[in-house]
Amino acid sequence: MTSFDVTAAPKKVWREGDKDTAKPDRPGTSIYRPDILKAIEKRIAELDNELRELSLDIHEHPEIMFEERHAHDVLTEFMEQHGFEVERHYFLETAWKATFKHGTGGRTIGVNSEMDALKGVGHACGHNLIAIAEEFDIAGAVELLGTPAEEGGAGKVKLMDQGAYKNMAACLMCHPAPGPIGSVSLSSSLALQRVDVEYHGHAAHAALSPWEGINALDAAVLGYNNISALRQQLKPTHRIHGIFESGKDWSVNVIPDYAKFVCLVRAPTRVEAEESTKRVKPCFEAAALATGCTAKINVYGGTYDIRQNDALADEVATIVRSKYGGIDYEWGIKSASTDFGNVSYELPSLHPGFGSVFHARLLFYLSAISLSHTNNENGGNHTPGFTKSAATIEAHYACLDVSKALAATGVRVLLDDQFYEKVKRAFEKDKETRDIIS
């Protein structure tokens, strides 16, 4: 947990119609190299119109996982025009990498840029790091990864398996999320494990000779009900939810010989999700035994909880509280899941959520930023109201503020050897405790 006092975090979520404006919690707090932050703010202001146009372009062309072709093309062109060396179709068709180097030696800071289904890219953070490296003659590199398929495709995991993150000293990104006005959320997320079960039975006429059939749908229903019974014995922080997938060639007159049930198991940490998954499998096996079906249980590679790096989190919190807003630990993507969690298990990482008006979906064109801006009372991520608000000018400027804090933190990773040693120590300390079940 970051060293900041979590009890001081604001609690009221920002909703449409609220008249409050974002104010720094601790104005005037001393920050590292205020001259660098001032230069970052100046560069952001210069890019304002270009960033706004690009974000609206992506917003108007939503694309689902692994089909982010428009986003891929417009973003790589944009990055190339602004001085990055771009590698298109980087390991995956719609992934890309944009690199900028200055001087010799130095560390590499990574910025993760999501772009599937109304997210976006990290170009503001990347541009800031370029401008500051040149102006202050900071040796190092910036690698901006355009990562597809966060929504169900685990694009970052696939890229990580190919070595896409291997050069990074640390990786930064953010995600839209509900939260108090002007807040940056440093909460974690839920680890997720996907499990499905396929039941095979024997078809028979449902009226003429049902006794000859073995009902695969009954097995799937029993498996579902077994999960419902299991929930009473699970911790309240764990989640199991699922759906029936349509069987092949089902007919009301025929006993189904095939059925499939798909579920997601979520828990606060990777090891807890794995333990709960072990309890799910007997629920499916018992259903097969009761109905006479055979069961094929498939457990897929999961996504992990976010291990927020304490040193990186403290630096962002200091800047945000001094200049832009407050820090929150109750909202963010605390009850959601992301493939960035896997990245945070491999290298020092930070993935804040950024709160604005509740229930908007930000076109996440700044991978170092996140915000939530709502249009309806019961929206939230993955709703039409959330999507609509993503294009608002409030969302745009809220994102720019968070990008400043994250860019400044990235610069410090490149510039300050003592700070980077602190980042590494925090990562190693977390490794000692992350697999302990509380």
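Summary of the structure given here. Since we're looking at a predicted model, the values are computed, not measured.

Turning to the overall build of the protein, a few remarks are in order. Helix and strand counts for the protein stand at eleven helices and 14 strands. Within the protein, counting contacts between residues at least 6 apart in sequence, those at least 24 apart form 80% of the total.

With that settled, the discussion passes to empty space enclosed by the protein. In total, this model carries three cavities of 30 Å³ or more according to the counting rule given. Approximately 40 Å³ is the volume attributed to the largest cavity. Around the largest cavity, the lining residues are Y32, R33, I36, L37, E315, I319 and A408. Only α1 (34-59) and α7 (310-323) provide two or more residues apiece to the lining of the largest cavity.

L75, M79, V184, L186, L312 and L350 are the most contacted members of the largest nonpolar core, which totals 57 residues. In terms of residues, this core owes the most to one element, helix α10 (residues 393-415), which gives ten residues. Core analysis: the second largest hydrophobic core is formed by 20 residues, Y199, A259, V265 and C293 among them.

Taken together, six strands build an open sheet; the order of strands is β1-β2-β4-β3-β5-β13 and the sheet is mixed. A single partner strand is all that each edge strand has here, and the edge strands are β1 (85-88) and β13 (349-350). Relative to strand β5 (residues 170-172), strand β3 (residues 107-114) runs parallel, the two being bridged by three bridges. Along β5, the bridge assignment pairs I109 with A170.

Moving on, we get to the sheet that holds strand β11 (residues 294-299). Pairing is antiparallel across the open sheet formed by four strands, whose spatial order is β9-β10-β8-β11. Either end of the sheet is taken by a strand with one partner, and the two such strands are β9 (239-245) and β11. Taken pair by pair, the neighbouring strands of this sheet meet at an average axis angle of 20 degrees, ignoring direction. In terms of strand pairing, β9 meets strand β10 (residues 258-267) through seven bridges, oriented antiparallel. By the bridge assignment, G242 is partnered in β10 with C263.

This paragraph deals with the pattern of salt bridges. Under the counting rule described, the total for this entry stands at 25 salt bridges. The partner of D35 in a salt bridge is R33, and the shortest N-O contact between them spans 3.0 Å. With relative accessibility at 30%, the residue R33 sits in the partly exposed group. In this structure, K404 engages D401 in a salt bridge whose closest nitrogen and oxygen atoms are separated by 3.0 Å. Linking K404 with D401, this pair stays in helix α10, spanning three residues, or about one helical turn.

Among the eight residues that make up strand β4 (residues 140-147), eight are buried, leaving the element largely enclosed by the rest of the structure. Here β4 shows no split at all, with G140, V142, L144 and G146 on one side and A141, E143, L145 and T147 on the other all buried. In this sheet, β4 lies alongside strand β2 (residues 96-102) in antiparallel orientation, the contact comprising seven bridges. The residue bridging F100 from the neighbouring strand is V142, located in β4. Here β3 pairs with β4 via eight bridges, running parallel. Bridge pairing in β4 places G110 opposite E143.

Moving on: the environment of M168. Topologically, M168 is positioned in the loop between α4 (155-161) and β5. Separated by 57 residues in the primary sequence, M168 and V111 have C-alpha atoms spaced 9.1 Å apart. When near neighbours in sequence (up to four residues on either side) are disregarded, M168 contacts T108, G110, E143, L145 and L347.

Thresholds, definitions, all that
- Residues numbered from 1 in each chain as written.
- Predicted model: local features only at pLDDT ≥ 70, side-chain atom pairs only at ≥ 80, totals over all residues.
- Heavy atoms only, no water.
- Helix = DSSP H or I, 4+ residues; strand = E, 2+ residues; numbered from the N terminus.
- Contact = heavy atoms within 4.5 Å.
- 1 Å grid on protein atoms, 1.4 Å probe; cavity = no way out; pocket = protein on both sides within 12 Å on 5 of 7 lines; lining within 4 Å.
- Points joined across faces, edges and corners; volume = space filled by probe spheres on them.
- Core = buried A, V, L, I, M, F, W, Y, C linked by side-chain atoms within 4.5 Å.
- Buried < 20%, exposed > 50% of the residue type's maximum accessible area, 1.4 Å probe, protein only.
- Pairing = 2+ DSSP bridges.
- Axes fitted to C-alpha atoms, helices over the stretch in contact; angles between N-to-C directions.
- Salt bridge = Lys/Arg side-chain N within 4 Å of Asp/Glu carboxyl O.

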